[in-house]
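Structure at a glance
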Amino acid sequence: MASIEVIAGISVPYKQDEETKKWSGTVGHSWTVDNSYVIEFAKEADRKIRRRSKNHGKITYPPKPRSLADSLQDHLNVTKKIDFNNFVNNVQKTNSIILKTSRVRTQLVLIFLKYRKEHENSTNDSPSFFENLLVVLLKDKSALRFGDDGEPLGTDIIDFDDVMQAAIINIDEFQQSIEKNDDLDVSFINGVGGTTDYFIEFFDAEGVIKNKESVSNVLKALEDFAIDKKLSRAQRELCASKVKAKIDFNERNKLATKLQDISSVVYDALKVDPKLEMKRESFEGFIQEYNYKVNEEFTVSKKERDALEFISLETEVGNLKLKKSVFSSKGKQGNIIFNDNTEELTIKTKIKDKAIVEMLKKLQND
């Protein structure tokens, strides 16, 4: 596993008022970042929470005063000298979650975790890291596995059934968006009850990204995954064909496509090649590892599905829709040849429809 560094961690226990049954935060506990249990918790959180399917929201720039994003911006501004403990305290004072539920009967704890991790493909020659802020609300037995000092009491703490809510902000992307005056990204990981309004409001986010952006990102991820795995053209075309067939099936049956669906199809297409060391979750893991903004579910238009298998061109002879698989390439003779010196496209095909043949003959002989 790529190395992980805990930069800061704080747990905020929640207590329930016996009369109103409302839960509210208490005093936060800072963690010792080199504690072995703290490091193992960060690894577990990264594995069990960050790498799950997400819904991606936007926080409007500039962030509202005293919001979580505004406090995070102040914390990341070194000139303001606001440490992580003060950042969390500010959030709790001005933007604390108050739960109006009596269903949770044992304990709640809100975790703020800031950590840095190597990308999976990081090398000594070309190191690559990302830094995240993870906020997770744990209940019941997972919440009980913290000591009086707020630090985790052991390893294997997180039971995903106990994850009420979770969200991640990629800190590098957050700072880049601030510099560009762009809206800020936040990724919500659905807990046992889905992503609830109170947690979206806690981040001052605006729902999730639009379906079209999600689809565009998953198609881009497919291309990048093929490059990362060094897939042959035949393997790329097989994946695209299988993915299109799965999405076509879902659309015909009015079903949303899930990220897990695509990942399973990619696995089925590539598992025969042992050198690839494919797992059913490999493509989904690639998306989470490199933080492509892909919602947990999405629908794909016919135009977007066709883009997997066809290339559409507007030319001086008309609009063309051509199968990618019949293009010539190195080592493969196809019916479509593109000359990259003259930038001319030559198409060789046989017309089988007799009516069209007669029409073409007439045009030819005019």
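Located above this text is the structure these notes cover.
Residues numbered from 1 in each chain as written. Predicted model: local features only at pLDDT ≥ 70, side-chain atom pairs only at ≥ 80, totals over all residues. Heavy atoms only, no water.

Focus on the pairing of strand β12 (residues 318–323)
Quick reminder of the rule: By this definition, two strands are paired if DSSP reports at least two bridges between them. We count a stretch as a helix when DSSP gives it H or I for four or more residues in a row; a strand needs E for two or more, and each element gets its number in order from the N terminus.
The pairing of strand β11 (residues 310–315) with β12 spans six bridges and is antiparallel. Within β12, the position partnered with Ser-312 by the bridge is Lys-321. Remark: two residues form the turn of the hairpin made by β11 and β12, two consecutive strands paired antiparallel.

Some details on unusual backbone geometry
To keep things clear, this is the line we draw: Categorising residues by exposure relies on relative accessible area from a 1.4 Å probe, with only protein chains included: less than 20% of the type maximum marks a residue as buried, more than 50% marks it as exposed, and the intermediate range marks it as partly exposed.
Of the consecutive residues Tyr-61 and Pro-62, the connecting peptide bond is found in the cis state with omega at -5 degrees. The backbone of Lys-230 shows a phi angle near 55 degrees, a positive value even though the residue is not glycine. Note that Lys-230 resides in the loop between α7 (211–228) and α8 (233–252). In the Ramachandran plot, Asn-291 falls in the positive-phi region, its phi being about 60 degrees despite a non-glycine side chain. Among the structural elements, Asn-291 can be located in the loop between α10 (282–289) and β10 (297–298). Residue classification places Asn-291 among the buried positions, given a relative accessible area of 16%.

Looking at the pattern of salt bridges
Spelled out, the test is: We define a salt bridge as a side-chain nitrogen of Lys or Arg found within 4 Å of a carboxyl oxygen belonging to Asp or Glu.
Applying the stated rule across the entire model yields 27 salt bridges. When the shortest N-O distance is used, the salt bridge between Lys-212 and Glu-304 registers 3.9 Å. Linking Lys-212 in helix α7 with Glu-304 in helix α11 (residues 302–309), this pair joins segments that are 92 residues apart in sequence. According to the relative accessible area criterion, Lys-212 is exposed, its value standing at 62%. Put simply, Asp-306 and Lys-302 hold a salt bridge, and the shortest N to O gap is 2.9 Å.

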